[in-house]
Amino acid sequence: MYIIRRIFRWITFTIIFFFVSTIAAVVILKWLPVYYTPLMFIRAAEQVADGRSIRMEHQWVNLNRVSENMPLAVISSEDSQFLKHKGFDFEEIYKARLTAIRGGKERGASTISQQTAKNVFLWPGHSWLRKGLEAYFTVLIEYIWGKERIMEVYLNSVEMGDGIYGVKAVAEINFDKQPDQLTKRDAALIAATLPNPLKRDSKNPSGELLRRRNRIVQEMNYIKHVPFGVPVE
């Protein structure tokens, strides 16, 4: 019985520690910039394993110094219901599941909120454990951070090229601009790379990438405006 009680106390302590530490981390990062993410270190390790020099281009920039074209582009491209859902787009999840059941090409249904939770707190992968943790952190950031902070962290943490993370780095390196100078076509081209930024290069875009950019621009024209970023005339 003594051993059982010890095991029970250990499990209880572990559960309490997990919830307290994760909630505290989310609260702290509501205010502090996210300078590094697990993916950055994973990519650095991959670069070393491939015999390359480590490249980690990343600079934090506040959302009020980013052209509104950028959040508009990623919403148009990645998550059209971002401003309406509570972290999960169940209609897209259902469509993706239905496509998979019918033997179609696998399609992603992760929202910007889910991607942000994964980028900041977790690692790449498709295990049930990681998916469960992603859902947990998604709920936390939706209710603790809110949409504006989620967008700010997303645009600063998402991988946008080989060793390039965040909108400021990609704007300066690939477009020779500051984030508040990005045009609609610039932002759409960056957004077009996001499904696979290691193979899609916004600095040297392929014809297919340019066609995808044009489709995103059309979607941006339909949405027209989002309540984030530097307004564009």
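For the structure itself, look to the data block above.
About the criteria used
Residues numbered from 1 in each chain as written. Predicted model: local features only at pLDDT ≥ 70, side-chain atom pairs only at ≥ 80, totals over all residues. Heavy atoms only, no water. Axes fitted to C-alpha atoms, helices over the stretch in contact; angles between N-to-C directions. Helix = DSSP H or I, 4+ residues; strand = E, 2+ residues; numbered from the N terminus. Parallel < 35°, antiparallel > 145°, perpendicular 65-115°, else oblique. Contact = heavy atoms within 4.5 Å. Nonpolar A, V, L, I, M, F, W, Y, C, P; charged D, E, K, R; others polar. Phe/Tyr/Trp six-rings, centres within 6.5 Å; stacked < 30°, edge-to-face > 60°. Buried < 20%, exposed > 50% of the residue type's maximum accessible area, 1.4 Å probe, protein only. Lys NZ or Arg CZ within 6 Å of the ring centre and 35° of its normal. Salt bridge = Lys/Arg side-chain N within 4 Å of Asp/Glu carboxyl O. Pairing = 2+ DSSP bridges. Core = buried A, V, L, I, M, F, W, Y, C linked by side-chain atoms within 4.5 Å. Polar contact = N/O pair within 3.5 Å; in protein donor to acceptor, adjacent residues only side chain to side chain.

1. Quick word on the packing of helix α3 (residues 69-78) against helix α7 (residues 147-157)
For step 1, the next point in the chain: α7 packs onto α3 with a crossing angle of 90 degrees between their chain directions and a minimal axis gap of 11 Å. If you check the angle between α3 and α7, you find them roughly perpendicular. Where α3 approaches α7, its residues Met70, Pro71, Val74, Ile75 and Glu78 are matched on the opposing element by Met151, Tyr154 and Leu155.
For step 2, the next point in the chain: Its residues placed into classes, the contact of α3 with α7 shows 7 nonpolar, no polar and 1 charged.

2. Considerations on the packing of aromatic side chains
For step 1, the next point in the chain: A full pass over the atoms with the stated rule returns 10 aromatic pairs.
For step 2, the next point in the chain: Seen from their ring centres, Tyr36 and Phe41 are 5.7 Å apart, and the 35 degrees between their planes marks the pair as tilted.
For step 3, the next point in the chain: With 6.0 Å between their ring centres and 35 degrees between their planes, Phe88 and Phe90 make a pair best called tilted.
For step 4, the next point in the chain: For Phe90, a relative accessible area of 61% translates into the label exposed.
For step 5, the next point in the chain: The ring of Phe82 has Lys147 lying over it, and the distance from NZ or CZ to the ring centre is 4.6 Å.
For step 6, the next point in the chain: For Arg149, the ring lying beneath its charged end belongs to Trp145, and the centroid distance is 6.0 Å.

3. Here's the deal with the environment of Arg212
For step 1, the next point in the chain: Among the structural elements, Arg212 can be located in helix α10 (residues 207-223).
For step 2, the next point in the chain: Residues Arg212 and Ala44 lie 168 residues apart in sequence; the distance between their C-alpha atoms is 29 Å.
For step 3, the next point in the chain: Non-local contacts of Arg212, meaning those with residues more than four positions away in its chain, are made with Ser77, Glu78, Ala192, Pro195 and Arg200.

4. Focus on α7
For step 1, the next point in the chain: Judged by how many residues are buried, α7 sits mostly within the fold: 10 of 11 residues are covered.
For step 2, the next point in the chain: All of the buried residues in α7 are Lys147, Arg149, Ile150, Met151, Glu152, Val153, Tyr154, Leu155, Asn156 and Ser157.

5. Details of the pattern of salt bridges
Pairing is possible between side chains that carry opposite charge, provided their charged atoms lie close to one another.
For step 1, the next point in the chain: Within this structure, the stated rule accounts for 12 salt bridges.
For step 2, the next point in the chain: With a shortest N-O distance of 2.7 Å, Arg43 and Glu159 are connected by a salt bridge. Within this pair, whereas Arg43 is found in helix α2 (residues 38-49), its partner Glu159 is found in strand β2 (residues 159-161), the two being separated by 116 residues in sequence. Per residue, the accessibility class of Arg43 equals that of Glu159, and both read buried.
For step 3, the next point in the chain: Close ionic contact of Glu134 with Arg130 constitutes a salt bridge, the shortest N to O distance being 3.0 Å. Linking Glu134 with Arg130, this pair stays in helix α6 (residues 128-144), spanning 4 residues, or about one helical turn.

6. Describing the sheet that holds strand β3 (residues 164-165)
Adjacent strands of a sheet pair through backbone hydrogen bonds, lying either parallel or antiparallel.
For step 1, the next point in the chain: Strands sit in the order β1-β3-β2 across an open sheet of 3 strands; the sheet is mixed. The open sheet terminates on both sides in strands that have one partner only, identified here as β1 (57-58) and β2.
For step 2, the next point in the chain: Both β2 and β3 contribute to a ladder of 2 bridges, which runs antiparallel. Within β3, the position partnered with Gly161 by the bridge is Ile164.

7. Quick word on the nonpolar core
For step 1, the next point in the chain: Formed by 51 residues in total, the largest nonpolar core has its most connected members in Met70, Val74, Phe121, Met151 and Leu155.
For step 2, the next point in the chain: Elements with a minimum of two residues in this core: α3, α5 (112-121), α6, α7, α8 (167-175), α9 (184-193) and α10.
For step 3, the next point in the chain: If near-sequence neighbours (up to four positions away) are discounted, Val74 is found in contact with Asp79, Ile112, Met151, Tyr154, Leu155, Ala191 and Leu194.

8. Considerations on the side chain of His58
For step 1, the next point in the chain: Mapped onto the elements of the fold, His58 is located in strand β1.
For step 2, the next point in the chain: Take His58: its relative accessible area is 18%, and that puts it in the buried class.
For step 3, the next point in the chain: For His58, the side chain forms a polar contact with the main-chain oxygen of Tyr35, separated by 2.9 Å.
For step 4, the next point in the chain: A polar atom in the side chain of His58 sits 2.7 Å from the backbone oxygen of Asn156.
For step 5, the next point in the chain: Residue contacts for His58: discarding those within four places in its chain leaves Val34, Tyr35, Met40, Asn156, Tyr165 and Ala169.

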